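Fold and contact review
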Amino acid sequence: MQSNNKNSDTEKERMMKRLFMGAVLFASVMGIGGAALAADGAGIFNAKCVPCHGAGGAGTAMAPAFKGNEFIASSSVEDISAVIKNGRAGAEKKYPKFVIAMPAQKSLSDEDVAAVASYLKTLAE
Ligand code: HEC
């Protein structure tokens, strides 16, 4: 009897351990999921901006570089965000050598725009 009781205790302990490990695993998976949901400036840049602004913000024949870019380095995230959201076309254009306009990024949330603007600042340094 005694040994039976001991066995069932051990079984219970194993059960608790499994439950605990399950909870830890669940929590860490949720943690990673939460981080992936937060705005990812680099991810947005690679998906939406690289075709014109080049990998790592090196610039292309179509759009200016962010590397060493004076405007990006000296402007606030808010001012950079305004350009990203509204674009730059027509008389507002700054660079005559780039024929096309900067398209307004209407599909991005304010949070996404701020995240990508902060990311541009890391490229400009
Ligand atoms: C279709 C090409 C294209 C895409 C895509 C594009 N841009 Fe641009 N972007 C331009 C052009 C062209 C300019 C220069 C406009 C001008 O003459 O002022 C520009 C200018 C900018 C500027 C101002 C730079 C400066 O030196 O004044 C910022 C900031 C910017 N883009 C951010 C972004 C971000 C962030 C994305 C992605 C979410 C993006 N752009 C996607 C073409 C593009």
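Our subject is the structure that appears above.
These remarks concern the structure in this document.

A few words on helix α6 (residues 110–124). Helix length check: α6, at 15 residues, gives a terminal C-alpha distance of 21 Å against a target of 21 Å (1.5 Å per residue), a fit within 8%. Those residues of α6 that fall on the buried side of the exposure criterion are V113, A115, V116, A117, Y119, L120 and L123. The inward-facing, buried residues of α6 abut α2 (41–48), α4 (70–74) and α5 (77–86).

A few words on the nonpolar core. If you look at the biggest cluster of nonpolar residues, it comprises 14 residues, and the most contacted ones within it are I80, I84, V116, A117, Y119 and L120. Of all the secondary structure elements, the ones that give two or more residues to this core are α5 and α6. It is α6 that contributes the most residues to this core, seven residues altogether. If we skip the residues at most four places from it in the chain, I84 touches Q105, V113, V116 and A117.

In the region of the ligand, 24 residues are neighbours, and C49, C52, A63, K94 and M102 sit closest. Those elements that place two or more of their residues in the shell around the ligand are α3 (50–53), α5 and α6. When its residues are assigned to classes, the shell around the ligand shows 17 nonpolar, three polar and four charged.

Rules and cut-offs
Residues numbered from 1 in each chain as written. Predicted model: local features only at pLDDT ≥ 70, side-chain atom pairs only at ≥ 80, totals over all residues. Helix = DSSP H or I, 4+ residues; strand = E, 2+ residues; numbered from the N terminus. Expected span 1.5 Å × (residues − 1). Buried ≥ 20, exposed ≤ 12 C-beta atoms within 10 Å, placed from the backbone. Contact = placed C-beta atoms within 7 Å. Core = buried A, V, L, I, M, F, W, Y, C linked by C-beta atoms within 7 Å. Near = placed C-beta within 6 Å. Nonpolar A, V, L, I, M, F, W, Y, C, P; charged D, E, K, R; others polar.

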